[in-house]
2 protein chains.
Amino acid sequence: MPIYNAPLKDMDFILNDVFKADEFWQANENLAHLDMATANAILEEMAKFSKNVILDLNRTADEAGGAQFSNGAVTTPAGFKEAFKQFAEGGWVGLGASEEWGGQGMPKMLTVLADEMIWSANPSFMLYPLLTVGAGMALNDRASQAQKETYLPKMYSGEWSGTMCLTEPHSGTDLGIIKTKAEPNADGSFNVTGTKIFITSGEHDLCENIIHLVLAKTPNAPAGSRGISLFIVPKFLVNADGSLGERNAVAAGSIEHKMGIKGSATCVMNFDGAQGYMVGNENEGLAAMFVMMNYERLSMGIQGIGAAEYAYQNAAQYATDRLQGRAATGAKTPAKPADSILVHGDVRRMLLNIRANNEASRAFAVYVGQQLDITKFSTDEEAVRKANDRVALLTPIAKAYLTDKALDSTLEAQMCFGGHGYIREWGMEQCIRDLRIAQIYEGTNGVQAIDLIGRKTTKCNGAFIAEYIAEIREFAAGLEDALAIKAAVLTVCGELEALTQFVVEQSKADPDFSNSVAVDYLHAVGLLSFTYMHARISKAAQPKPEAFFQNKLVLAQYFAAKVLPDLAARTQRIKAGAVLVMQLPEEYFTAQA
Amino acid sequence: MPIYNAPLKDMDFILNDVFKADEFWQANENLAHLDMATANAILEEMAKFSKNVILDLNRTADEAGGAQFSNGAVTTPAGFKEAFKQFAEGGWVGLGASEEWGGQGMPKMLTVLADEMIWSANPSFMLYPLLTVGAGMALNDRASQAQKETYLPKMYSGEWSGTMCLTEPHSGTDLGIIKTKAEPNADGSFNVTGTKIFITSGEHDLCENIIHLVLAKTPNAPAGSRGISLFIVPKFLVNADGSLGERNAVAAGSIEHKMGIKGSATCVMNFDGAQGYMVGNENEGLAAMFVMMNYERLSMGIQGIGAAEYAYQNAAQYATDRLQGRAATGAKTPAKPADSILVHGDVRRMLLNIRANNEASRAFAVYVGQQLDITKFSTDEEAVRKANDRVALLTPIAKAYLTDKALDSTLEAQMCFGGHGYIREWGMEQCIRDLRIAQIYEGTNGVQAIDLIGRKTTKCNGAFIAEYIAEIREFAAGLEDALAIKAAVLTVCGELEALTQFVVEQSKADPDFSNSVAVDYLHAVGLLSFTYMHARISKAAQPKPEAFFQNKLVLAQYFAAKVLPDLAARTQRIKAGAVLVMQLPEEYFTAQA
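Residues numbered from 1 in each chain as written. Chains lettered and ligands numbered in written order. Predicted model: local features only at pLDDT ≥ 70, side-chain atom pairs only at ≥ 80, totals over all residues. Heavy atoms only, no water.

**Some remarks on the overall build of chain A**
Here's step 1: Looking only at helices and strands, chain A features 18 helices and eleven strands.
Here's step 2: Its C-alpha radius of gyration of 24 Å places chain A within 12% of the 25 Å reference for a compact globule of 593 residues.
Here's step 3: Summarising its shape, the C-alpha atoms of chain A cover approximately 80 × 65 × 60 Å along the three principal directions.
Here's step 4: Residue pairs at least 24 apart in sequence account for 74% of intrachain contacts in chain A once pairs closer than 6 positions are excluded.
Here's step 5: A total accessible area of about 19,600 Å² is found for chain A, and carbon and sulfur atoms account for 50% of it. (Helix = DSSP H or I, 4+ residues; strand = E, 2+ residues; numbered from the N terminus. Rg over C-alpha atoms; globule rule 2.2 N^0.38 Å. Contact = heavy atoms within 4.5 Å. Areas by Shrake-Rupley, 256 points an atom, 1.4 Å probe, with all protein chains shown as cover.)

**Here we look at the nonpolar core**
Here's step 1: Among the nonpolar cores identified, the biggest contains 434 residues, and A:L15 and B:L15 are the most heavily contacted of them.
Here's step 2: Once you skip the residues sitting within four places of it in the chain, A:L15 turns out to touch A:K20, A:A21, A:W25, A:M36, A:A39, A:L43, A:M109, A:L110, A:L113 and A:V366. (Core = buried A, V, L, I, M, F, W, Y, C linked by side-chain atoms within 4.5 Å. Buried < 20%, exposed > 50% of the residue type's maximum accessible area, 1.4 Å probe, protein only.)

**Remarks on the interface of chain B and chain A**
Here's step 1: Contacts between chain B and chain A engage 102 residues on the former and 102 residues on the latter.
Here's step 2: For chain B, the biggest contributors to the area lost against chain A are B:Y422, B:K562 and B:F589; these three give 10% of the whole.
Here's step 3: Linking chain B with chain A are zero salt bridges, by the criterion used here.
Here's step 4: At the boundary of chain B and chain A, one finds 42 residue pairs in polar contact (both at pLDDT 80 or more).
Here's step 5: Of the residues assigned to the side of chain B that touches chain A, the class counts are 49 nonpolar, 31 polar and 22 charged. (Buried area = accessible area lost by both parts, 1.4 Å probe. Salt bridge = Lys/Arg side-chain N within 4 Å of Asp/Glu carboxyl O. Polar contact = N/O pair within 3.5 Å; in protein donor to acceptor, adjacent residues only side chain to side chain. Nonpolar A, V, L, I, M, F, W, Y, C, P; charged D, E, K, R; others polar.)

**Quick word on the pattern of salt bridges**
If charged atoms from side chains of opposite charge come close, those side chains can pair.
Here's step 1: Evaluated as defined, the whole model comprises 69 salt bridges over all chains.
Here's step 2: Put simply, A:E309 and A:R362 hold a salt bridge, and the shortest N to O gap is 2.8 Å. On the criterion of sequence distance, the pair formed by A:E309 in helix α8 (residues 285-321) and A:R362 in helix α9 (residues 345-377) is long-range, its members being 53 residues apart.
Here's step 3: In this structure, the salt-bridge partner of B:D389 is B:R385, at a minimum N-O distance of 2.7 Å. Highlighted residues: B:D389 and B:R385, both in helix α10 (residues 381-416), separated by four residues, approximately one helical turn.
Here's step 4: In this structure B:D389 comes out as buried when scored by relative accessible area, which is 17%.
Here's step 5: Connected via shared salt-bridge partners are A:D10, A:E116, A:E309, A:R355, A:E359, A:R362 and A:K552.

**Examining the relation of the copies chain B and chain A**
Here's step 1: Structural alignment of chain B on chain A gives an RMSD of 0.0 Å, achieved by rotating through 180° and translating 0.0 Å along the axis. Both copies of the chain, as the preceding transformation shows, are related through a two-fold rotation axis.
Here's step 2: By residue overlap, the copies meet face to face through one surface: 100% of the interface positions of chain B are interface positions in chain A. (Least-squares fit on C-alpha atoms with pLDDT ≥ 70 in both.)

**Overview of the environment of B:Y151**
Here's step 1: Residue placement: B:Y151 occurs in helix α7 (residues 145-156).
Here's step 2: The spacing of B:Y151 and B:I199 is 48 residues in sequence and 19 Å in space, taken between C-alpha atoms.

**So, the side chain of B:N551**
Here's step 1: Mapped onto the secondary structure, B:N551 falls in helix α16 (residues 547-563).
Here's step 2: Excluding its chain neighbours within four sequence positions, the residues that come into contact with B:N551 are A:L584 and A:Y588.

**Focus on the packing of α8(A) against helix α11 (residues 428-436) of chain A**
All names here are of chain A.
Here's step 1: Look at α8 against α11: their axes get within 10 Å of each other, and the N-to-C directions meet at 170°. When the axes of α8 and α11 are compared, the pair comes out roughly antiparallel. Across from Q303, G304, A307, Y310, A311 and N314 in α8, the residues of α11 making contact are M428, C431, D434 and L435.
Here's step 2: Class assignment for the residues of the contact of α8 with α11 results in six nonpolar, three polar and one charged. (Axes fitted to C-alpha atoms, helices over the stretch in contact; angles between N-to-C directions. Parallel < 35°, antiparallel > 145°, perpendicular 65-115°, else oblique.)

**Some details on the pairing of strand β4 (residues 181-184) of chain B**
Residue and element names in this part refer to chain B.
Here's step 1: The sheet contact formed by β4 and strand β5 (residues 190-200) spans four bridges and is antiparallel. In the strand pairing of β5, E183 is matched with N191.
Here's step 2: Taking the residues between adjacent antiparallel strands as the criterion, β4 and β5 are bridged by five residues, where G188 takes a positive phi near 95°. (Pairing = 2+ DSSP bridges.)

**Let's talk about the environment of B:S340**
Here's step 1: One can find B:S340 in the loop between α8 (285-321) and α9 (345-377).
Here's step 2: Remark: the alpha-carbon pair of B:S340 and B:N16, spanning 324 residues in sequence, is separated by 35 Å.
Here's step 3: For B:S340, the contacting residues outside a window of four places in its chain are A:E586, B:A319, B:T320, B:R322 and B:L323.
Here's step 4: At a separation of 3.1 Å, a polar atom in the side chain of B:S340 contacts the main-chain carbonyl oxygen of B:A319.

**Some words on the packing of aromatic side chains**
Here's step 1: Counted by the stated rule, this structure contains 49 aromatic pairs over all chains.
Here's step 2: Between B:F13 and B:F548 the ring centres are 6.4 Å apart and the planes differ by 90°, which places this aromatic pair in the edge-to-face class. Of this pair, B:F13 sits in helix α1 (residues 8-18) while B:F548 sits in helix α16, placing them 535 residues apart in sequence. Like B:F548, B:F13 is buried.
Here's step 3: Between the aromatic rings of B:F49 and B:F125, the centroid separation amounts to 6.1 Å while the plane-to-plane angle is 50°, which identifies the pairing as tilted. With B:F49 in helix α3 (residues 36-63) and B:F125 in helix α6 (residues 123-142), this residue pair connects regions lying 76 residues apart in the sequence.
Here's step 4: Overall, B:F49 belongs to the buried group, its relative accessible area being 5%.
Here's step 5: Through pairs of rings, three or more aromatic residues link up here, namely A:F19, A:F364, A:Y367, A:Y401, A:Y468, A:F475, A:F530 and A:Y532.
Here's step 6: For the cation-ring pair, A:K575 lies above A:F502, with the distance from its terminal atom to the ring centre recorded as 5.2 Å.
Here's step 7: Its end group placed over the ring of B:F549, B:K544 keeps NZ or CZ at 4.7 Å from the ring centre. (Phe/Tyr/Trp six-rings, centres within 6.5 Å; stacked < 30°, edge-to-face > 60°. Lys NZ or Arg CZ within 6 Å of the ring centre and 35° of its normal.)

**Thoughts on the side chain of B:D566**
Here's step 1: Position of B:D566 among the secondary structure elements: in helix α17 (residues 566-575).
Here's step 2: With near-sequence residues (within four places) excluded, B:D566 lies in contact with A:A569, A:R573, B:H523 and B:L527.

**Some words on unusual backbone geometry**
Residue and element names in this part refer to chain A.
Here's step 1: Positive phi values are uncommon outside glycine, yet K20 reaches one of about 45°.
Here's step 2: With respect to the helices, strands and loops of the structure, K20 is situated in the loop between α1 (8-18) and α2 (21-26).
Here's step 3: Residue classification places K20 among the partly exposed positions, given a relative accessible area of 42%.
Here's step 4: At S201, a residue that is not glycine, the phi angle is positive and equals roughly 60°.
Here's step 5: In this fold, S201 is placed in the loop between β5 (190-200) and β6 (209-216).

**Observations concerning helix α13 (residues 463-477) of chain A**
Residue and element names in this part refer to chain A.
Here's step 1: Given a rise of 1.5 Å per residue, 15 residues ought to cover 21 Å, and the 21 Å separating the end C-alpha atoms of α13 matches this to within 8%.
Here's step 2: Residues F464, I465, Y468, I469, I472, F475 and A476 constitute the buried set of α13. Seen end-on, α13 carries its buried residues on one side only, within an arc spanning 125°. For α13, the exposed residues lying more than 90 degrees away from the buried face are E474 and A477. (Expected span 1.5 Å × (residues − 1). Arc of directions from axis to C-beta.)

**Some points on the confidence of the model for chain A**
Here's step 1: Of the residues in chain A, 100% reach a pLDDT of 70 or more, and the chain-wide mean stands at 97.
Here's step 2: In the model output, the complex is listed with pTM 0.98 alongside ipTM 0.98. (pLDDT = per-residue confidence, 0-100.)

**Regarding the packing of α3(B) against helix α11 (residues 428-436) of chain B**
What describes two packed helices is the angle between their axes and the distance between those same axes.
Residues and elements named next belong to chain B.
Here's step 1: Packing of α3 against α11 leaves a shortest axis separation of 11 Å and a crossing angle of 85°. The orientation of α3 relative to α11 falls into the category roughly perpendicular. Residue-level inspection shows N58, R59 and D62 of α3 in contact with α11, the latter providing Q430, R433 and D434.
Here's step 2: Its residues placed into classes, the contact of α3 with α11 shows no nonpolar, two polar and four charged.

**Quick notes on the pairing of strand β11 (residues 266-279) of chain A**
All names here are of chain A.
Here's step 1: Where β5 meets β11, nine bridges bridge the pair, whose relative direction is antiparallel. Counterpart to N191 in the pairing with β11 is Q275.
Here's step 2: Taken together, the three bridges between strand β7 (residues 229-234) and β11 define a ladder with antiparallel strand orientation. Its bridge partner lying in β11, L230 is registered against V279.
Here's step 3: Bridge count between strand β10 (residues 250-255) and β11: five bridges; the pairing is antiparallel. Among the inter-strand pairings, V250 is bridged to a residue of β11, identified as F271.

Here you go:
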């Protein structure tokens, strides 16, 4: 069975030393109840839960074929029910939710770390509470007081769960063309009719009710994305006293057979005149979705970190145990038949790539979490504005760059196992299959890149990234020259500044430009961000003599020398523009070769 | 169900126009019986077989869980038996084998194309004949006349199949530490005892006998790789008249549960004093393996092309059919609810990346196939020497670079499908799972890279690559300046020359250097090779006005502008050397973070 131990020491280092969480919390009256001792106690509890309760269920659920569907009902894998009960009773569903509705009110910079552990240990399990949290967030922002009172406490207690019903068979990225209809009833409710696909946790046996948040069009709604409204459609109608009433006309038609996350039930949901209640204003459904989008998309990035950390731990252990060949500098363990494969540069290269990306990813998630906390808890308007811009800019990086790097990492971890990595029992191939969805759902990584280069960059003439680079430059200026990462950070800032200027100009000249180079630009901004994170890590580690900290300075140098060079390739591709991408006629692509 | 149509027109173009196969065959008396008409007839037949017989079995086999094991017996997936019978009766097993033993004597530059189709349509199926061909090649080279007469005709007819038994639980890349023993009997035979793992087609129900080629150590054999001998161990002993005798003491203990290629039975084989017959000289077993290694490793590269071609065709079709969003330059099909996603630069980028790599890969496989044909069929000693050096240099590229690019391609193809790519019925996720093994088996791609940078580069002070670059330069010099690829080829030649010189020097200075930068160097040589292939394709296409050919000039430009920039990153990483890779102590990797 694969191993997993939560990286508590690194988490404490990032919160406490890199981002000085204590000071940040104490300076904010909404968070002053929290300190590092409490934070670490929470993380230690989650470390136990993830290792002792859900880790082994991850492999057994996959081997058993995942969630099962029969006659409209979904049975979750063996052990999930008991684990979820324990999770709910521990108050974990509402860890980051408002105390007003039964949550624990913890800041995002802490919950990202707790979430990482669940993603490491059992990503399919994580998806059940995750969608509840997402739906809760949308309700918290847009629902009426009565709706909040009816649904939120039950959702955060884990008695009920939530879903987000957006996608339809013909409508994924392009939500403007959805067909699901909501016809008004005399009592103010609506009859919702349509088919939604890819609905995570659309049906399951972990909770007594499921609260679907559904995008649909009212009669005579404007065409396109401006004519979409949001509805609550509960699986069981809720009586005035909060008890469960009749079964609503919504049911799972089937579950998808997927590459991975098989323990998570991905449902086709049929709404057949189901009773629904509008949330917020008519035709503002998409906007309500965007409220929680930044949080959800960061969650996918954390799925990436979780998978890559799990993969790393197992690969490093395997590489330590596996004896094969001899060191190029002569046998390291002559008494044994061979040396550990850690003597080979190519194996170390893979492990260090993973680790250099993982540690930067984790710091980045906490950094973005902190920005989200500022937007939510701060009373300083200018700070909130800046944090909003920063979150807008970095959300596509958090989602797409972190998951792209994580896929690379899980593939490299699998490769460390040689042939054994291809065998199911080692767990590495499942890790890849489970992770792969993170690059696809919540907007594919290509869509994230287009969001970054479009709405977040060219639309504001690069203002968001200019402000980000200014912060990074200011930070770098404060570093000692002896820190090798300092020069790297300053160089990357200059390169990204020039590249962004080029991107903004070219986008004006050629409408196809930004879409054609979007992914390369996203990776360039990702590399800037990870260099910045390694600089912040290095600064915090520098004064501490223990090897744990000093090794971080080496890892930062490794990052600058071996990972950062990808920027050269990305830059060249962006400079090559869109012409060759768009030149060939559509029929070229499917013509018989 | 996924589609597949063999790219016959491209295959004809590569054979006929790019490599002038007719002239090459006519100029060689051992191949003069072959012409393009015959070659195309063979390819057309295989196109039909791959599409009509084995394509659909690929998905059904995977869905049914692949090969099944029970009480030592393996049942192949439904339909495999009938398909294999048809394959064998068509003479396909021995397509490239010597006519002396019942083969069809076809050159490698043709068989690589036939093989590609099978790899596209059904990689699990392909593995059954593939190992037979590999074993046949080793026997053809090293076995006694009597052994050849006994085994080869039955193997090439498909009545019997073959395996290669190398790996043991503790011994994979490092074969010097195998433990399987071969004790001599008075009659000249041996008793073979040991456990071999990862044995492709070790047991199955497609053939009446299975001929295992087994690496084992005789008593008192020297330690390490110089003390390994090769043995024939048939599943059923063969009587003097060629009929099947007693069951030998060899049996499958289990089959592996794998990420993919589930239709292929990957067996644990237990040899329990099984009767075996030495092939060739004692202690020369590894050398016998290396005979067929260049062919086998090229086969893995072709597995890559096959998967990437299949993925491309399906992704291009999906992208054409899927309507979502609008073109940046304004709606292309205003009468429809949305435009095809082919209007988006990011989708085109993915499809063009795949296609630019696929077309170069296919040409490269034929190029290496032609070099192998020179080594086998030519009577010109100097030509044979040069071809042997070229094959030695390029085999790691054919195996590792082609499969690395193919994995990128299948991942990008899956991404073109959005969420649907994650759903099993579309076949894209299976394609990735099936392909992934090609980067791992037959020596991981890391091991290939170490072979390239070590034995093939630093050991000869870069002589092999110098000769390769000289050929490329001479070719490029003959190109018209108007061909955009000309400048790219000449630039890359200069860059690889300088990089190789750096690599040779650094390897002498630091024993850890070459292993630490091996994969980056392999990718650099891969990029050189693909640029060369696009130059050869461009030269052949240039005079032909049809869009099919002229589009190849655009694709070559796309390659130079958008794929080749990876060389800049690879070069920077190589220049960064090994120090940061090797600096951290072994315990760093598993210390609790």
